[in-house]
Amino acid sequence: VAATLSDRDAEVVVLLDVLAEAGRSGGVDGAASVLDTTVRAAAAIAEHYLHRGDRVSLLEYGPAARRLRPATGRRQYLTVLEWLLDVRAHASSHEPYDQVFGPQLLSADALVVVLTPLLDERSAQMLARLARSGRFVVAVDTLPANLSPPKDQGWAEVAYRLWWLDRDTMIAQLREHGVPVVRWAGAGSLDQVLHDVARLATAPRVGAR
């Protein structure tokens, strides 16, 4: 996969959805919150592609729209780690799509790996818009699988189960739009889907005439 992307000289964009946080952070050896998983996954994905000579950039999907310019090599990996130290969840009342994806901020042939808990409908809409624009998009689900209902907010077990079913429906709709959705389970969890994306990326496109 990395060799194929290098031949295309494509940029790998790691997009971090920071619109919402969930779960409780237990530190290095404890349970992981959404942001814990997001930051660790971003570091692992960046290291994977940088080790193979690809250009990697980072981008936040949120009101701040922080961005790390694409680059290669060991220095970029150290910059990535430093950049990730400042990742925070930022609630927003407006749609940040146009602010995040401004003119010429995302190259046409970029592979976009989106790290998202899919807790906000705007995140799903963003994924669908990227797919419709012809981008090669992979969604990585960062929501903890063992997340318990927030009982302090009055969530009943039945309501919580219905929320999960609604979320599963949203994921199924994204897949119908051509967006692969993969739960993060370590670096090996993306192998097959990235292989499929690389195969699609190198296939000839049919243009409108």
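The sections below set out a description of the structure shown in this document. (Residues numbered from 1 in each chain as written. Predicted model: local features only at pLDDT ≥ 70, side-chain atom pairs only at ≥ 80, totals over all residues. Heavy atoms only, no water.)

1. What to know about the packing of aromatic side chains
This is how the line gets drawn: Put simply, two rings from Phe, Tyr or Trp (the six-membered ring, in Trp's case) pair if the centres are within 6.5 Å, and we call them stacked under 30 degrees between planes, edge-to-face over 60, tilted for the rest. For every residue, the accessible area (1.4 Å probe, protein chains only) is compared with the maximum for its type, and the residue is labelled buried under 20%, exposed over 50%, or partly exposed between those bounds. Comment: the charge-over-ring label is applied if NZ (Lys) or CZ (Arg) is within 6 Å of the ring centre and within 35 degrees of the ring normal.
Taken as a whole and assessed by the stated rule, the structure comprises two aromatic pairs. For the ring pair Tyr97 and Phe101, a centre distance of 4.7 Å and an interplane angle of 50 degrees mean the geometry is tilted. An identical accessibility class is assigned to Tyr97 and Phe101; each is buried. Feature note: the residues Tyr61, Tyr97 and Phe101 constitute an aromatic cluster, connected by ring pairs. The ring of Trp83 carries the charged tip of Arg66 above its face, separated from the ring centre by 4.0 Å. One residue, Arg129, lies across the ring of Tyr97, its end atom 3.7 Å from the ring centre.

2. Description of the nonpolar core
Rules: What makes a nonpolar core is a set of buried Ala, Val, Leu, Ile, Met, Phe, Trp, Tyr and Cys residues whose side-chain atoms join them at distances within 4.5 Å. Under the DSSP-based scheme used, a helix requires at least four consecutive residues in state H or I and a strand at least two consecutive residues in state E, with every element numbered from the N terminus.
Val14, Leu16, Ile45, Val56, Leu58, Leu84 and Leu115 are the most contacted members of the largest nonpolar core, which totals 29 residues. Residue assignment for this core shows that the elements contributing at least two residues are strand 1 (11–17), helix 2 (34–51), strand 2 (55–61), helix 3 (73–84), strand 4 (111–116) and strand 5 (136–141). Here the element with the most residues in this core is helix 2; it accounts for eight residues. Residues Val13, Tyr97, Leu106 and Ala131 belong to the second largest nonpolar core, which totals 26 residues.

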